[in-house]
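Architecture and fold: a report
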Amino acid sequence: MRVQGRRGITLVEALVLVSIAGVGVLLLIPAVQTARAAARRASCILNLQMIGLALHNYTSANDALPPSDVRGPGRANGTGFLVRILPYMEMAPIYNGFNFVLEPWDLSNATTTETRLDAFICPDNPRTRNVSAAELHLDGLASKTAFGPAHYAANWGGGRDRWGRDFAAGKGTYLGVMMTILTPDGEVKAPDGKPRARSVSLRDIVDGAANTLAVAEKEESLGWAVGGFAASEFDVDTKPKNDDDSTLARRVYTGSPHRAGIYAAMCDGSVRLVDARMDRALWYALMTRAGGEAVAAKPAGLSETLSVSRDQSAESRDRPRLAAESAEKLVKRLIEKPIGDTAAVNGSSVSIRVVDLQTGDAARIVAPLSPERNACRFPAWSTDGRHIYFCVSRGDHREVAEICDLEWTGDGVRLRELGPGLAPSPSPAGDRILFHLQRESPEPAGVWIMTSDGLGRRRLGGEGRPRWSPDGRQFLICRQEDSTVTLIDERPDRSSGEIGLKDRTIFSQPSWAGEETIVAALGDASGSVADCIALVSVPASDRAAVSKVLWKKGEGLDAVPWSPVFDPGSGRCVFIASEGRGGSLYLIDPAKPQPQAPVRLEKAGNVMVGMTPSLSADGRFVIYANQD
């Protein structure tokens with residue numbers, strides 16, 4: 001009997017299989033990116049589902065929806081409805097830790113009210129810092145208290161002063177489903193003494209629970225424990241999605257980071273997407289419990305019921321890891337295939353380089369875009385690790401510099417030009433960019449803002465290089481000529497102005513090192529150069545103070561420091577030290593045996609002094625301008 005040998009796979013067949021697998025991977029990557037964005041939206045929807053269910057369980061137990069705010073006479077704020085539904089959201093221990101006899105800002109409630117609750121936070125929303133109780137402007141306030149953030153608010157069906165004036169003038173007020181209750185009366189009284197607000201039951205919602213909005217998104221508030229204006233309630237704007245970027249407007253009106261509109265829980269417990277372009281009459285109709293307005297079965301601008309499970313939102317809790325992965329993939333691809341024309345690199349060109357702080361390795365990632373556009377400067381990471389912004393110009397002709405965006409798309413890198421500008425600084429949410437125009441520019445000089453796609457350009461004012469804070473509430477304007485640093489704060493209770501330090505001067509451009517904290521190169525007020533690097537607390541421009549000195553000149557290095565950047569997660573600091581005609585990058589690492597002795601990043605090359613580097617969100621990759 002003759003035994004035949006097995007036939008092996010041919011080279012052609014192997015290549016075909018590899019090609020099919022490669023195509024499959026390329027098709028999968030965009031799907032993964034889309035799935036991650038969908039997971040974040042799903043988490044927001046799930047939060048509103050749970051709030052809607054909790055409202056129904058509360059109503060079953062109390063025969064009424066919870067009051068949006070319960071406060072004492074003469075108070076603008078009290079205890080919000082989110083506190084009252086905690087037991088119905090599997091958070092009874094937090095509820096039990098709250099003393100309802102005391103105000104939310106009482107120090108006895110601090111441990112409870114400072115707790116961050118993911119169920120009240122939209123994962124797409126970057127405004128997640130705790131809010132100081134000092135922002136309530138109450139007499140005798142314990143300013144050390146703070147409130148965990150919240151992005152969801154109740155429909156009380158009205159407006160105050162200019163906030164919701166159009167709705168109030170045409171419809172009235174107290175037409176919603178959750179009201180402010182004054183203790184001990186149990187109701188709010190009109191000037192004539194007649195009651196006008198009370199607890200509302202589902203029986204009172206005669207327009208139909210599916211046609212009446214209960215809770216909607218706000219971009220920020222005074223915290224989940226606080227009730228009333230700018231906190232647990234929203235005032236009815238003329239449109240669902242607020243476009244006024246002031247802090248107060250974000251706290252008063254509905255709004256969200258979602259492009260399409262806002263998510264809302266209806267009184268029947270369903271969650272819908274409210275289109276940002278919804279007709280005003282329909283938007284107003286959703287605000288009233290008994291207005292008698294006719295609402296179509298499938299109204300334009302209001303989605304069908306949305307529903308998700310808890311498992312769908314799990315990925316949205318892992319934002320830092322996703323940002324780190326995106327930054328690593330973007331850097332890896334740019335190292336493999338740098339952007340630009342490497343043949344245009346010469347002694348007068350400027351490139352963008354990256355250093356991996358884990359390995360110390362460095363590489364060029366952006367070469368001159370052409371022999372004429374041979375200077376690439378001012379690189380800046382986005383928070384999500386998917387974008388690197390920089391400027392390109394002809395030599396030192398910065399008045400004609402263009403802002404560029406390098407985006408990791410999931411299967412490659414896309415280069416876009418966004419228009420004239422210098423020193424781009426993306427917002428934490430990634431939807432806007434601050435930048436600087438010089439006096440020689442065709443347009444008026446100063447600090448400008450635009451959307452992330454280069455549209456909606458408008459001048460804000462000021463003169464210098466801007467830097468957005470991690471929470472989006474503040475930004476710095478740094479004038480290189482006279483070492484002036486101005487703090488701009490959107491919050492009405494905080495001062496804006498030039499940052500001043502007792503007996504010290506800020507040199508070069510500082511960077512943000514956390515919320516209300518910057519890292520800066522400092523020197524004596526009478527000196528001409530910096531002699532140390534320090535963390536500086538900046539709760540307001542007139543209250544800046546050095547909180548920690550990271551390094552002093554002479555501690556392992558005798559050089560002048562410039563433009564530090566700091567990673568709060570690891571405590572590492574990278575700065576430029578001027579040496580001769582150029583500069584070098586140095587690292588201060590608290591994990592090293594001698595943490596205050598800066599280590600020179602040998603492979604970084606000749607760094608441009610005066611051009612602040614940028615750290616990725618995970619603190620691993622530092623990008624900077626390099627003199628070729």
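Before going into details, it helps to say that this report is about the structure given with it. Note that the structure is predicted; figures quoted are calculated from it, not measured. (Residues numbered from 1 in each chain as written. Predicted model: local features only at pLDDT ≥ 70, side-chain atom pairs only at ≥ 80, totals over all residues. Heavy atoms only, no water.)

1. What to know about unusual backbone geometry
Of note, Tyr174 is a non-glycine position whose phi angle comes to about 60°, a positive value. Along the chain, Tyr174 falls in the loop between helix H5 (165–170) and strand E6 (180–182). At Ala423, a residue that is not glycine, the phi angle is positive and equals roughly 50°. If you trace the backbone, Ala423 turns up in strand E20 (residues 422–426). (Helix = DSSP H or I, 4+ residues; strand = E, 2+ residues; numbered from the N terminus.)

2. Remarks on the sheet that holds strand E13 (residues 271–275)
Spatially, E11-E5-E9-E12-E13 is the arrangement adopted by the 5 strands of the open sheet, whose pairing is mixed. Looking along the sheet, the strands with just one partner apiece sit at the ends: strand E11 (233–234) and E13. Both strand E5 (residues 152–155) and E11 contribute to a ladder of 2 bridges, which runs parallel. Looking across to E11, one finds that Asn155 is bridged to Phe234. (Pairing = 2+ DSSP bridges.)

3. Structural notes on the pattern of salt bridges
Two side chains that carry opposite charge are able to pair once their charged atoms sit near each other. By the definition in use, this model includes 33 salt bridges. Among the ionic pairs, Glu135 bridges to Arg129, the shortest N-O distance being 3.0 Å. For Glu135, a relative accessible area of 6% gives the class buried. Residue Arg333 is joined to Glu336 by a salt bridge in which the shortest nitrogen-to-oxygen separation is 3.8 Å. Placement of the pair is Arg333 and Glu336 together in helix H8 (residues 319–336), with a separation of 3 residues, close to one helical turn. The partly exposed category is assigned to Arg333, whose relative accessible area is 31%. Among the residues examined, Glu336 registers a relative accessible area of 54% and is labelled exposed. Within the structure, one salt-bridge network assembled from shared partners comprises Arg127, Arg129, Glu135, Glu219, Glu220, Asp245, Arg250, Arg251, Asp431 and Arg432. (Salt bridge = Lys/Arg side-chain N within 4 Å of Asp/Glu carboxyl O. Buried < 20%, exposed > 50% of the residue type's maximum accessible area, 1.4 Å probe, protein only.)

4. A look at the pairing of strand E14 (residues 350–356)
Along E14, 7 of the 7 residues are buried, which leaves the element largely enclosed by surrounding structure. Taking every second residue as pointing to the same face, both faces of E14 are buried, with Val350, Ile352, Val354 and Asp356 on one and Ser351, Arg353 and Val355 on the other. Pairing geometry for E14 and strand E37 (residues 621–627), over 7 bridges, is antiparallel. Pairing of Ile352 across the sheet is with Ala625, part of E37. Of the pairings in the sheet, the one linking E14 to strand E15 (residues 362–366) comprises 4 bridges and is antiparallel in character. Residue Arg353 lies in a different strand from E15, and its bridge partner there is Arg364. The hairpin formed by E14 and E15 contains 5 residues between the paired strands, and Gly360 there has a positive phi angle of roughly 85°.

5. Digging into the pairing of strand E2 (residues 77–80)
Two strands pair when backbone bridges link them, and strand E1 (residues 69–71) and E2 are joined in this way by 2 bridges, in the antiparallel orientation. Paired with Asp69 across the two strands is Gly80, which belongs to E2. Strand direction decides the pairing type here: E2 and strand E10 (residues 226–228), joined by 3 bridges, are antiparallel. Its bridge partner lying in E10, Asn77 is registered against Gly228.

6. A word on the environment of Ser584
Tracing the chain through its elements places Ser584 in strand E34 (residues 582–588). Each C-alpha atom, one on Ser584 and one on Val607, is 5.4 Å from the other, the two residues being 23 residues apart in sequence. In this structure Ser584 touches Phe575, Ile576, Ala577, Glu579, Arg600 and Val607, once residues within four positions along its chain are discounted. Within polar-contact distance, the side chain of Ser584 engages the side chain of Arg600 at 2.9 Å. (Contact = heavy atoms within 4.5 Å. Polar contact = N/O pair within 3.5 Å; in protein donor to acceptor, adjacent residues only side chain to side chain.)

7. Topic: the nonpolar core
Core analysis: the largest hydrophobic core is formed by 55 residues, its most contacted members being Ile51, Leu55, Ile85, Phe120, Val215 and Trp224. If you tally residues by element for this core, the top one is helix H1 (residues 11–62), at 9 residues. In contact with Ile85, not counting residues within four places along its chain, are Ile51, Ala54, Leu55, Tyr58 and Pro66. (Core = buried A, V, L, I, M, F, W, Y, C linked by side-chain atoms within 4.5 Å.)

8. Points about the sheet that holds E20
In space, the 4 strands of this open sheet follow the order E20-E21-E22-E23, with antiparallel pairing throughout. At either end of the open sheet lies a strand with only one pairing partner, and these are E20 and strand E23 (458–461). On average, each strand axis in the sheet is tilted by 30° relative to the strand beside it, whichever way the strands run. (Axes fitted to C-alpha atoms, helices over the stretch in contact; angles between N-to-C directions.)

9. Some details on the side chain of Ser270
Relative to the elements of secondary structure, Ser270 occurs in the loop between strand E12 (261–266) and E13. For Ser270, a relative accessible area of 9% translates into the label buried. Within polar-contact distance, the side chain of Ser270 engages the side chain of Asp268 at 2.7 Å.

10. Overview of the environment of Leu53
Locating Leu53 in the fold gives a position in helix H1. Owing to a relative accessible area of 46%, Leu53 belongs among the partly exposed residues under this scheme. Remark: the alpha-carbon pair of Leu53 and Ser270, spanning 217 residues in sequence, is separated by 8.8 Å.

11. Considerations on the packing of aromatic side chains
If you walk through the whole model with that rule in mind, you get 10 aromatic pairs. Here Phe167 and Tyr284 contribute two aromatic rings whose centre-to-centre distance is 5.0 Å and whose plane-to-plane angle is 80°, an arrangement assigned as edge-to-face. With Phe167 in helix H5 and Tyr284 in helix H7 (residues 280–285), the pair connects residues that are 117 residues apart, well separated along the chain. On the basis of relative accessibility, which here comes to 8%, the residue Tyr284 falls in the buried class. Joined through ring pairs, the aromatic side chains of Tyr95, Phe98 and Phe100 make up one cluster. (Phe/Tyr/Trp six-rings, centres within 6.5 Å; stacked < 30°, edge-to-face > 60°.)

12. A closer look at the environment of Arg467
Looking at where Arg467 falls in the secondary structure, it is placed in strand E24 (residues 465–468). Look at Arg467 and you get buried, because its relative accessible area is 19%. A C-alpha to C-alpha distance of 8.7 Å links Arg467 and Pro510, two positions 43 residues apart in sequence. Beyond its immediate sequence surroundings of up to four residues, Arg467 is in contact with Ser425, Gln474, Phe475, Leu476, Gln509, Pro510, Ser511, Trp512, Thr612 and Pro613. In terms of polar contacts, Arg467 uses its side chain to reach the side chain of Ser511, at 3.4 Å.

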